[in-house]
Structures are given as C-alpha cells and as structure tokens.
Amino acid sequence: MKGLSNSISPIFLLAILLLIAHSALSQPSSDYKYSPPARLSDGIQTGTLRSVKLDEAKVSAGMNEVLKRTYGNIHSVLIFRNGKLVCEEYFTGPDENNHKGEIGIVAHNRETLHDTRSISKSVVALAVLIAHSQGKIKDLDQPIFSYFPEYASHAEGEKNNITVRHALTMTPGFEWGEEFSYSNPANTAYQMNRAPDTIEFVLSRKLIQRPGTKFEYSGGTTQLLAAIVKKTTGSNIEEFTRKHLLIPLGITKYEWAELKPGQPDADSGLRLRSRDIAKIGLLLVNGGMWNGKRIVPQKLIADAMAEHAKVSSDEKTGDVVTYGYQIWRFAFRPDDNWPSSFIELSGNGGQKVVIDAKTKVMVVITAGNYDLSGLKKNSFDIYPDLIFSAMLDR
C-alpha cells in the first residue's frame, strides 16, 4: 500500500514550511562539519572521505545544501565508496509512516526506522531469487498460473504465458495504472489494496499487451511474487525474508506492515534503519555475498541488475531508463559533470539506494518528500551534485 494520501494535510504542510523557515534562520552555510562514521559491530566497514578520494570540502558544501532544504525534506545521506561507509548524516524533518499516517517532526538518527516504500519491491525480488536458488521456485520462466490453480478461471488466452520473470520485470501485460494519486480510486493500486482478494484482483486484470513486451509499473506484480514465495515455501514474505535475507545480513530491527491480516504489504510495507537499507545495496554490490557468506548466487544477482525491460528513452538528452528485477537502471549521455550510468532501488518520497559500479560509489538516501512533484531538486540529484562532483579521481 502506498501513502495513505497523495495530498498533503494543512498541518503537515505547515510543519514543512516552519522547518524550512527555521533552517533558513538557524543553519548558515558553515553549520555542517564532517566527521567520519562510527565503526559499529554491524558488519559495515568504515573509512574517511579523503581515504576514498572524495573532496571533503565539496561534500561538506553539499551537505549544507541538504541542510538548506535544496533537495526538499531529506532525512539521511550515507555515502559508500570501495565498499566503505565514509559519510553518514541524519537530519530532522517531518515524516510519515506509510500505514499509520503523519508522525510529526522526527530527529532522525541511525536507530530510526524509516519507510522504504518501493525499495520493498527490490527486497521481495531478492527473496524470490533466494527461493529459486533453494529449488523452491523451480524455474523463473514457469507460468504464474501454475502456482494459482484456484484462479484458473482467469487464465484465458495469452495470460497462460505470463511467467515469474515477467512479474519480476513488470512486463506481464496487464491493464494497470499507477500514474494517479494513491488516494485516487482511479489508481489500480488503490483498487487492489481495497479488494477482498489481492491476488485474484491482479490475475483478473485484462491483458492488453503480450507478456514480456511492455513495461508497466505495477505493485501488483510484487504482490504476485510474494504470494508465489508463500505458495512454494510455506512462509509469507516477511517470514521468509527475515530468515533467509534479513537475519543473515544482521538486520533484526525492522517493521513490515500488513496489507491484510497475515498478508504483509509486499510492495511498500517495509521499514528499515538507513544502515540496514545500505546492507541490501551492499549485497548487490558484492554479488550476493555478505562478509564472506553467500546469501544469493552471484549469477542471480547479475541477472537482477541486468536490463530486462525498456522503460523510456529521450532522443534529445540521450537518457535511457530500463528495468531489471524490481530494480531501476539509468544510462546518460557522457558528461564530465554527470555519471554515465547507475542502478537504483527507489521508493516514494525520495528513498534511494544508488549504485554506480564504474565509480564504486553507493549512496543511501531517506527522505520525506512523499507524493511531492515540482521540486527543483530532490533525492535523485544528490549523487551527481554531492558525490560525483566531489570525486578527485574521475
């Protein structure tokens, strides 16, 4: 389930405006002072900006822009390079809980649980790959209706050809529309979240594209994947992920909200601490390994991050967006001031895990820009503005 409302309440808007005003008055450009991250017993290696050839002055200038709300309501920024956490900053700002609503002004810190929103989708994809590696999900090209004989009445025509892989890549071909506000009854996800049977709702959708031919963003695909995990392993997505992904990564503090009793909200219900969000990204960076332990086979991680579906392309700018297994991919025309490509785990409000394999940088961002459009800059701009521009060796 996405945000409880796409509209900003007067109280929440007032909180944001007061915070911006307070920031402008009390946080001059010299406020930020860099300190290396603390090394904890959480398996994350740490270092300094200088040790990984990042210009401390430029990063500090960028953090002052965060303090001035240049990127909206940012809650945390964690910078990794060469596998080491070299900058870890948290900020105060208004926040929401996706399933409980507004929670007021929060002084975020490394212990604060934060909505991941649609980063949950990437976590579900990893759970599917783990179940596949265990032999529970035999074949990613297996038709999804083979897992749901109780809904055979909806398996007409080419619907029979929709596979697990199509769900992973959001290319099943269903009629679906999440371009509306998530509080708008016209939004298909709004309808799904209120349907008495989530899976039947998704499988009953009209097929308007041949499976595998067109990307259409859909939380319904993630709900199908979670249901397949439960069908094949006997555990719901939260139980399976906890045992086979979260605990192996040392993640013990989290929340996974339910869409319905006993049914975790697979596509946007997970709340994690920022360092723990980073562990999901580091697992991808390290090819499925975590501190010497294999969690996901390397080939499956490579498949997850590879291009499987075209999303959009801009002939004028040269920008191309593609999709992996519930993972975004971006490629840009060569530019000295902008990265050439990166992958991204992304969630509503500005939740980001940005991974640039070429520069060996990973950035984790949490934010409270929920359902906001029209910001001149947002979380997407932080990597190129703050980190890419600060590289001394690019």
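Figured I'd write up the structure that's included with this text. (Residues numbered from 1 in each chain as written. Predicted model: local features only at pLDDT ≥ 70, side-chain atom pairs only at ≥ 80, totals over all residues. Heavy atoms only, no water.)

Regarding helix 3 (residues 119-133)
For the α-helix, the turn length of 3.6 residues means that residues three or four positions removed from each other point alike. To be explicit about the condition: Elements are defined by DSSP. Helices are runs of H or I of four residues or more, strands are runs of E of two residues or more, and each kind is numbered from the N terminus. In a helix, the anticipated span is given by 1.5 Å times the number of residues less one. Burial classification: accessible surface area is computed with a 1.4 Å probe over protein chains only, and a residue below 20% of its type maximum counts as buried, one above 50% as exposed, and the rest as partly exposed.
The end-to-end C-alpha distance of helix 3 is 22 Å, a good match for the 21 Å that 15 residues give at a rise of 1.5 Å each. With 13 of its 15 residues buried, helix 3 lies for the most part within the structure. Looking at the residues trailing helix 3, positive phi occurs at Gly 135, about 85°.

A closer look at the packing of aromatic side chains
Inclusion rule: Aromatic contacts are taken between Phe, Tyr and Trp rings whose centres are within 6.5 Å, Trp giving its six-membered ring; a plane angle under 30 degrees counts as stacked, one over 60 as edge-to-face, and the others as tilted.
For the structure shown, the criterion picks out 16 aromatic pairs. Between the aromatic rings of Phe 148 and Tyr 151, the centroid separation amounts to 6.2 Å while the plane-to-plane angle is 45°, which identifies the pairing as tilted. Take Phe 148 and Tyr 151: they sit in the same class, and that class is buried. Here Phe 330 and Phe 342 contribute two aromatic rings whose centre-to-centre distance is 5.5 Å and whose plane-to-plane angle is 40°, an arrangement assigned as tilted. Here Phe 330 is found in strand 14 (residues 328-331), whereas its partner Phe 342 is found in strand 15 (residues 341-347), with twelve residues between them in sequence.

Examining the sheet that holds strand 6 (residues 255-256)
Our working definition: Criterion used throughout: strands pair if DSSP finds at least two bridges between them.
Taking strand neighbours across the sheet as the criterion, the three strands line up as 5-9-6 in an open arrangement whose pairing is antiparallel. In this open sheet, the two strands that pair with only one neighbour each are strand 5 (114-115) and strand 6. Relative to strand 9 (residues 270-272), strand 6 runs antiparallel, the two sharing two bridges. From the neighbouring strand, Trp 256 faces strand 9, where its bridge partner is Leu 270.

With respect to the pairing of strand 3 (residues 92-97)
Counting buried positions over the six residues of strand 3 gives five, a clear majority of the element. Examined bridge by bridge, strand 3 and strand 4 (residues 101-107) share six bridges and lie antiparallel to one another. Among the inter-strand pairings, Asn 97 is bridged to a residue of strand 4, identified as Gly 101. Linkage of strand 3 to strand 4, two consecutive antiparallel strands, is achieved through a turn of three residues.

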